[in-house]
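Structural features, examined
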Amino acid sequence: MSETYIDPSPANFQAFKDLPRDEPIHMLNLLLYRDLAEYPEGHEHHGNGWSGRRAYEEYGKTSGPIFRRVGGEIVWRGAFQTMVTGPDDKRWHDGFVAQYPNAGAFFEMIKDPDYQQAVVNRTAALADSRLMRFAQGEAGEGF
């Protein structure tokens, strides 16, 4: 049985916090949706029959204004087709790269009370995910 990840471990989040906060960052997001979203009992969307993809769309709708306010933007988005290098049994539904002006903007977003309410939709939506931080590098013709 493979491990799944929805939220960062304390050690991984500390490593993220220890990196420079004043430079642009890219965050690679890989998403695997649940067939049926899993909202906590008592949540307004509990039992509504939403798919994981639909719950993630709700996360985008509710977190999007905060993401844009802190200067975030999606710089690449794609739908998974096949694994070229990696475990054959691992697949993703969607992937995207979010760009932030700096790590401080990311922290501002996740501390926002409205974002903290919106993230319930992300948790309900995902069966597995990866979130990886990259420093901005040079683009061009070569590897």
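Above this text you will find the structure in question.
Not measured: the values here are computed from a predicted model.

Thresholds, definitions, all that
- Residues numbered from 1 in each chain as written.
- Predicted model: local features only at pLDDT ≥ 70, side-chain atom pairs only at ≥ 80, totals over all residues.
- Heavy atoms only, no water.
- 1 Å grid on protein atoms, 1.4 Å probe; cavity = no way out; pocket = protein on both sides within 12 Å on 5 of 7 lines; lining within 4 Å.
- Points joined across faces, edges and corners; volume = space filled by probe spheres on them.
- Helix = DSSP H or I, 4+ residues; strand = E, 2+ residues; numbered from the N terminus.
- Nonpolar A, V, L, I, M, F, W, Y, C, P; charged D, E, K, R; others polar.
- Core = buried A, V, L, I, M, F, W, Y, C linked by side-chain atoms within 4.5 Å.
- Buried < 20%, exposed > 50% of the residue type's maximum accessible area, 1.4 Å probe, protein only.
- Contact = heavy atoms within 4.5 Å.
- Polar contact = N/O pair within 3.5 Å; in protein donor to acceptor, adjacent residues only side chain to side chain.
- Axes fitted to C-alpha atoms, helices over the stretch in contact; angles between N-to-C directions.
- Parallel < 35°, antiparallel > 145°, perpendicular 65-115°, else oblique.

Examining the layout of surface pockets
Empty space within the largest pocket amounts to approximately 1100 Å³. Around the largest pocket sit 42 residues that line it, and Asn29, Tyr59, Phe106, Arg122 and Leu131 are the ones nearest its centre. Where the lining of the largest pocket is concerned, the elements lending two or more residues are helix H1 (10-18), strand E1 (25-33), helix H2 (52-69), strand E2 (73-79), strand E3 (94-100), helix H3 (103-111), helix H4 (113-125) and strand E4 (126-135). By volume, the second largest pocket is sized at about 160 Å³. Taken together, Leu30, Trp76, Gly78, Ala79, Phe80, Gln81, Thr82, Met83, Trp92, Asp94 and Gly95 make up the lining of the second largest pocket. Elements that contribute at least two residues to the lining of the second largest pocket include exactly E2 and E3. Residue contributions to the lining of the second largest pocket peak at three residues, all from E2. Here the residues of the lining of the second largest pocket are counted per class, giving six nonpolar, four polar and one charged.

Focus on the nonpolar core
Core analysis: the biggest nonpolar cluster contains 27 residues, and Phe16, Tyr56, Tyr100, Met109 and Leu126 have the highest contact counts within it. Secondary-structure elements contributing two or more residues to this core are E1, H2, E3, H3 and H4. Leave out the neighbours within four places in its chain, and Met109 touches Ile66, Phe67, Val70, Tyr100 and Tyr115.

A short note on H3
In an α-helix there are 3.6 residues to a turn, and that puts residues three or four apart on one side. Within the sequence span of H3, burial applies to Ala103, Ala105, Phe106, Phe107 and Met109. Elements in contact with the buried residues of H3: H1, E1, H2, E3, H4 and E4. The N-terminus of H3 is capped by Asn102, whose side-chain oxygen sits 3.1 Å from the backbone nitrogen of Gly104.

Focus on the packing of H3 against H4
Where H3 meets H4, the closest approach of the two axes is 5 Å, and the angle between their N-to-C directions is 75 degrees. Viewed along their axes, H3 and H4 adopt a mutual orientation that is roughly perpendicular. Where H3 abuts H4, its residues Met109, Ile110 and Lys111 lie against Pro113, Tyr115 and Gln116. Looking at the contact of H3 with H4 residue by residue, the class counts come to four nonpolar, one polar and one charged.

Worth remembering: the numbers are spatial, not functional.
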